[in-house]
Amino acid sequence: MVPTSKRLRPPVVAVTGAASGIGRAFLAKVASSADFRRVVAIDEQRGDVPDVTWRVIDVRDPLLANRISDIDVLVHLSADYGLGSDAGERRAYNLRAAQTVLTASAAARVRRVVLVTSAMVYGAAPDNEVPLPEDAPVAAESDTGVVGDYLEIEALVRRSLRSHPGLEVTVLRPAALVGPGIDSVVTRHFEAPRLLTVKGCSPRWQFCHIDDLVSALELAALGAVSGVVAVGGEGWLEQEQVEEISGLRRLELPAGLTFGTAQRLHRLGITPAPAADLHYVVYPWVVDCASLRETGWKPQWTNEAAFAQLLELREGRHAVVGRRLSGKDATLTAAGATVAVLGTAAIVRVARKKRRT
C-alpha cells in the first residue's frame, strides 16, 4: 500500500505559453498555490512571474520531452488564435505545438495533459438545444478559421488517447472568451455600430471570463475534472438583454445574404474569418457546465458582468464583420450600419484603393 503522505503529495505542474496571455494568467494563479509542489513555466522567452522555474524552449521542439521528465501535469496554453495571423501558419503552429506536447508528455510519462479548445466545436445552429450538454456531438464545420484548428487539435487528442492509453488528457471547452487581451470574432461583433442578426433566429449569449477559465484549468490540473469539460457563465443572455445592456440596435438580414456576402468578403481577403464563423454571433451555442458544477465550482463572473467588461474593453474600436477599422476607415462604420452591417460596397472600394496604391 502506498503511504498516505506519498499518495497525497502535491503534483508538479508545467505551463506552456507561460509568458503571456492565458498562460501567464494561469501561471500567476498557481505560482504560490499550496496545491502544487512546484510550478514550471515553459515559453520561448522568460516571463515576469516570480517564484516559478522557467525553462526557455519552443514548445514545438522534439527535445521538449527531456525538459518535462520531472513533471506530473502539463497545462498546454501555447497557441495562436489571432484574427490577424496567416491561416496556414497559425494552423501549422497550433497543430505542431499540440502534437509535440502530447507526444513528449507520453514519452516523459507525464500523468495528465490539459488543453483548451472551445465550445465552438459543438457548432452554432438555429436548432441547437439550449444549453448543449457536454457530451453533445461535435458538429462544427471544419474550415480555415480558428474553429478548424480546434477541431484538428481535438482529433489529435483522440488519436493520442488511442496511441498512449496511459496518458490522461482533459480538454476544456470555454464559451465565448472575454477579458483583457481577448480578440475574437465574438468580441469584434460588439465593436460594430449595429448587431447583425439573421431573420427568424435569435442568438443566446454565454460568456466565459478568463478568470473563470483559469480557475477551471486549476481544477483540471488537479484532476478534479477530466475528459471533455465545458466552461462558462451560468445560463445565458437573450438578444434583447444584450441590446438593452449595450445600447446597440440590431440589423436583421436574410441568412443567405449574410453568409453569402461574408464568404465573398473573406475570399477577397477583406475580412479575417470565414463566413462559417459568423454562425457564432447569430446562432446559439450555449453549454451546460455539468462537470465543473458537480465539483462545486461556480463562475466568479456572471454573463452580465463579463459582457459589461467586454463593452468597456471595446471602447474606441470599430469593426465590421470582424474587420477592424481604424483611422479614415472608421468613418465607414456609419455607412456600413445604414446600408448593412456587412458594409460590402464601402469596404470593397477601400480595399481595392489600397491594393492600387
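Check the entry above for the structure.
Residues numbered from 1 in each chain as written. Predicted model: local features only at pLDDT ≥ 70, side-chain atom pairs only at ≥ 80, totals over all residues. Heavy atoms only, no water.

A look at the overall build of the protein
Along its length, the protein carries 14 helices and 15 strands. In the protein, which comprises 357 residues, the share counted as buried stands at 55%. Put simply, of all contacts in the protein between residues at least 6 apart along the chain, 77% involve residues at least 24 apart. Only carbon and sulfur atoms are counted for the fraction: they give 51% of the accessible area of the protein, which is about 16000 Å². (Helix = DSSP H or I, 4+ residues; strand = E, 2+ residues; numbered from the N terminus. Buried < 20%, exposed > 50% of the residue type's maximum accessible area, 1.4 Å probe, protein only. Contact = heavy atoms within 4.5 Å. Areas by Shrake-Rupley, 256 points an atom, 1.4 Å probe, with all protein chains shown as cover.)

What to know about the packing of helix α2 (residues 21–30) against helix α7 (residues 210–221)
Where α2 contacts α7, the two axes come as close as 10 Å, and the packing angle between them is 60°. The orientation of α2 relative to α7 falls into the category oblique. Crossing geometry of α2 relative to α7 is assigned as right-handed. Each of Ile 22, Ala 25, Phe 26, Lys 29 and Val 30 in α2 lies in contact with α7, whose residues at this interface are Ile 210, Leu 213, Val 214, Leu 217, Glu 218 and Ala 221. Split by residue class, the contact of α2 with α7 holds nine nonpolar, no polar and two charged. (Axes fitted to C-alpha atoms, helices over the stretch in contact; angles between N-to-C directions. Parallel < 35°, antiparallel > 145°, perpendicular 65-115°, else oblique. Left-handed = near helix turned anticlockwise from the far one by under 90°. Nonpolar A, V, L, I, M, F, W, Y, C, P; charged D, E, K, R; others polar.)

Here's the deal with the packing of aromatic side chains
Scanning the entire structure with this criterion turns up seven aromatic pairs. Consider the rings of Phe 190 and Phe 307, whose centres lie 4.9 Å apart with planes at 65°: the pair is edge-to-face. Pair noted here: Phe 190 is in the loop between α6 (185–189) and β8 (195–198) and Phe 307 is in helix α12 (residues 303–313), with a separation of 117 residues, a long-range link. Take Phe 190 and Phe 307: they sit in the same class, and that class is buried. Connected via pairs of aromatic rings, a cluster forms that spans Phe 190, Trp 205, Phe 207 and Phe 307. (Phe/Tyr/Trp six-rings, centres within 6.5 Å; stacked < 30°, edge-to-face > 60°.)

Points about helix α8 (residues 239–246)
Listed as buried for α8 are Gln 239, Val 242, Glu 243 and Ser 246. One side of α8 holds all its buried residues, which, seen down the axis, span an arc of 95°. Following α8 by one or two positions, Gly 247 has its phi on the positive side, about 75°. (Arc of directions from axis to C-beta.)

Focus: the sheet that holds strand β3 (residues 53–56)
The seven strands lie next to each other as β3-β2-β1-β4-β5-β6-β11, forming an open sheet whose pairing is parallel. Among the strands making up the open sheet, the edge pair consists of β3 and β11 (228–231). Mean inter-strand twist for the sheet, computed between neighbouring axes without regard to direction, equals 20°. As paired strands, strand β2 (residues 38–43) and β3 are joined by four bridges and run parallel to one another. Bridge pairing in β3 places Ile 42 opposite Arg 55. Set on the sheet, helix α5 (residues 146–163) makes contact with β5 (112–116) and β6 (168–174); between it and β6 the angle comes to about 160°. Contacting β1 (12–16), β4 (73–76), β5, β6 and β11, α7 runs over the sheet at an angle of about 160° to β5. (Pairing = 2+ DSSP bridges.)

Some thoughts on the pattern of salt bridges
Under the counting rule described, the total for this entry stands at 16 salt bridges. A salt bridge links Asp 72 to Arg 37; the nearest nitrogen and oxygen atoms lie 3.9 Å apart. Placement of Asp 72 in the loop between α3 (64–67) and β4 and of Arg 37 in the loop between α2 and β2 is noted, with a sequence separation of 35 residues between them. Judged by relative accessible area, Asp 72 falls into the buried class, the value being 16%. Taking relative accessible area as the criterion, Arg 37 reaches 38% and is therefore assigned partly exposed. A salt bridge links Arg 60 to Asp 58; its shortest N-O distance comes to 2.8 Å. Arg 60 sits in the partly exposed class, given a relative accessible area of 28%. Among the ionic contacts, a cluster of salt bridges with common partners joins Arg 37, Asp 72 and Arg 111. (Salt bridge = Lys/Arg side-chain N within 4 Å of Asp/Glu carboxyl O.)

Some remarks on empty space enclosed by the protein
In total, this model carries three cavities of 30 Å³ or more according to the counting rule given. Its boundaries defined by the atoms lining it, the second largest cavity holds a volume of some 60 Å³. If you trace the second largest cavity, you find it lined by Ala 175, Ala 176, Val 186, Arg 204, Trp 205, Gln 206, Tyr 280, Trp 285 and Val 286. (1 Å grid on protein atoms, 1.4 Å probe; cavity = no way out; pocket = protein on both sides within 12 Å on 5 of 7 lines; lining within 4 Å. Points joined across faces, edges and corners; volume = space filled by probe spheres on them.)

Side note on the pairing of β8
Regular strands have side chains that alternate between both faces of the sheet. Because side chains alternate across β8, one face comprises the buried residues Leu 195 and Thr 197, and the other comprises Leu 196 and Val 198, equally buried. In terms of strand pairing, β8 meets strand β13 (residues 250–253) through four bridges, oriented parallel. Opposite Leu 195, over in β13, you have Arg 250 as the bridge partner.

What to know about the side chain of Gln 239
Positionally, Gln 239 belongs in helix α8. Once you skip the residues sitting within four places of it in the chain, Gln 239 turns out to touch Leu 195, Thr 197, Ser 202, Pro 203, Trp 205 and Arg 250.

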